Amino acid sequence: SLVPSPTEVISVNMDLPGGNTLTPAHPGWLNISIRDVNGLDDIEGIIIDLGLGNTLSYYNGSFESSNPLLEVSEFTFEVQGDEITLNLSFTASPLFDDMSADEMGITLKVIDSSGEHITDTELNWRFNADVMLVESSMRTFGNESRTLVYDDYVTLGQRLVVEGRV
């Protein structure tokens, strides 16, 4: 028999490729720890509201996204006693541009046998599709490789190597 006890959010951590910024094709991670004395079977649904109508929703053993340009890559549940940890990876397409606001907050809604429980995670994130190279250089490719400088010329069909970090 189920005990009428609400699910309690213990902690929520986020790991995005750019600090608090999600970039295209690079997965972001959410790690959510909750406590439910009735166990994982009591969890009827989890809705992760990322702002501006973008949600990741868990029902019947799978996640769905409200936006086809934002998808769940993978997820796992780890259970130890009444503590349940959700590890969730999600990615955004370069065409995902719903993040017109500077920062968006993340809210959780957990639905169990005792009702709906909403938690503001106090985590903020943003999306940036701009890829920026720093400490970059460009050189010709081949036996007589040379570093290119601003306004340099290369021959048509010349292979180039770009080095740097994003």
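Up top is the structure these notes are about.
Residues numbered from 1 in each chain as written. Predicted model: local features only at pLDDT ≥ 70, side-chain atom pairs only at ≥ 80, totals over all residues. Heavy atoms only, no water.

### Points about the overall build of the protein
Line of reasoning, step 1. Of the regular secondary structure elements, the protein holds 0 helices and 12 strands.
Line of reasoning, step 2. Mapped in sequence order, the helices and strands of the protein form the string β-β-β-β-β-β-β-β-β-β-β-β.
Line of reasoning, step 3. The C-alpha atoms of the protein give a radius of gyration of 22 Å, which is well past the 15 Å a tight globule of 166 residues would have.
Line of reasoning, step 4. With respect to the three principal axes, the spread of C-alpha positions in the protein is 75 × 30 × 25 Å.
Line of reasoning, step 5. Relative to its full complement of 166 residues, the protein shows a buried share of 34%.
Line of reasoning, step 6. When contacts within the protein are restricted to residue pairs at least 6 apart in sequence, those whose partners lie at least 24 apart make up 55%. (Helix = DSSP H or I, 4+ residues; strand = E, 2+ residues; numbered from the N terminus. Rg over C-alpha atoms; globule rule 2.2 N^0.38 Å. Buried < 20%, exposed > 50% of the residue type's maximum accessible area, 1.4 Å probe, protein only. Contact = heavy atoms within 4.5 Å.)

### Brief notes about the sheet that holds strand 6 (residues 62-65)
In sheet architecture, strand pairing relies on hydrogen bonds along the backbone and comes in two forms, parallel and antiparallel.
Line of reasoning, step 1. The 6 strands are arranged 2-10-9-4-5-6 in an open sheet whose pairing can be described as mixed. Only two strands of the sheet have a single neighbouring strand rather than two, namely strand 2 (21-22) and strand 6.
Line of reasoning, step 2. Of the strand pairs in this sheet, strand 4 (residues 43-49) and strand 5 (residues 55-59) are connected by 4 bridges, and their pairing is antiparallel. Paired with Ile47 across the bridge in strand 5 is Ser57. (Pairing = 2+ DSSP bridges.)

### Focus on the packing of aromatic side chains
Line of reasoning, step 1. All chains considered together, the criterion is met by 7 aromatic pairs.
Line of reasoning, step 2. On the numbers, 5.0 Å between centres and 65° between planes, the contact of Tyr58 with Phe77 is edge-to-face. Taken together, the positions of Tyr58 in strand 5 and Phe77 in strand 7 (residues 70-80) put the pair 19 residues apart, joining distant regions of the chain.
Line of reasoning, step 3. On the basis of relative accessible area, Tyr58 is assigned to the buried category, the value being 11%.
Line of reasoning, step 4. Considering the side-chain rings of Phe90 and Trp125, the 6.5 Å spacing of their centres and the 90° angle between planes classify their relative orientation as edge-to-face. Residue Phe90 is located in strand 8 (residues 83-92), and its partner Trp125 is located in strand 10 (residues 115-127); the two are separated by 35 residues in the primary sequence. (Phe/Tyr/Trp six-rings, centres within 6.5 Å; stacked < 30°, edge-to-face > 60°.)

### Side note on the nonpolar core
Line of reasoning, step 1. Counting residues in hydrophobic clusters, the biggest one holds 27 residues, and the most contacted among them are Ile48, Phe90 and Trp125.
Line of reasoning, step 2. If you list the elements that add at least two residues to this core, you get strand 3 (28-35), strand 4, strand 5, strand 8, strand 9 (104-112) and strand 10.
Line of reasoning, step 3. Here this core takes 5 residues from strand 8, the largest share from any one element. (Core = buried A, V, L, I, M, F, W, Y, C linked by side-chain atoms within 4.5 Å.)

### Some thoughts on the pattern of salt bridges
Line of reasoning, step 1. Tallied over the entire structure, the rule returns 7 salt bridges.
Line of reasoning, step 2. Among the ionic pairs, Arg35 bridges to Asp82, the shortest N-O distance being 3.9 Å. Taken together, the positions of Arg35 in strand 3 and Asp82 in the loop between strand 7 and strand 8 put the pair 47 residues apart, joining distant regions of the chain.
Line of reasoning, step 3. Its relative accessible area of 29% is what places Arg35 among the partly exposed residues.
Line of reasoning, step 4. Looking at Asp82, the relative accessible area reads 29%, which means it is partly exposed.
Line of reasoning, step 5. Salt-bridge contacts for Arg126 lead to Glu103; the nearest nitrogen and oxygen are separated by 3.1 Å. (Salt bridge = Lys/Arg side-chain N within 4 Å of Asp/Glu carboxyl O.)

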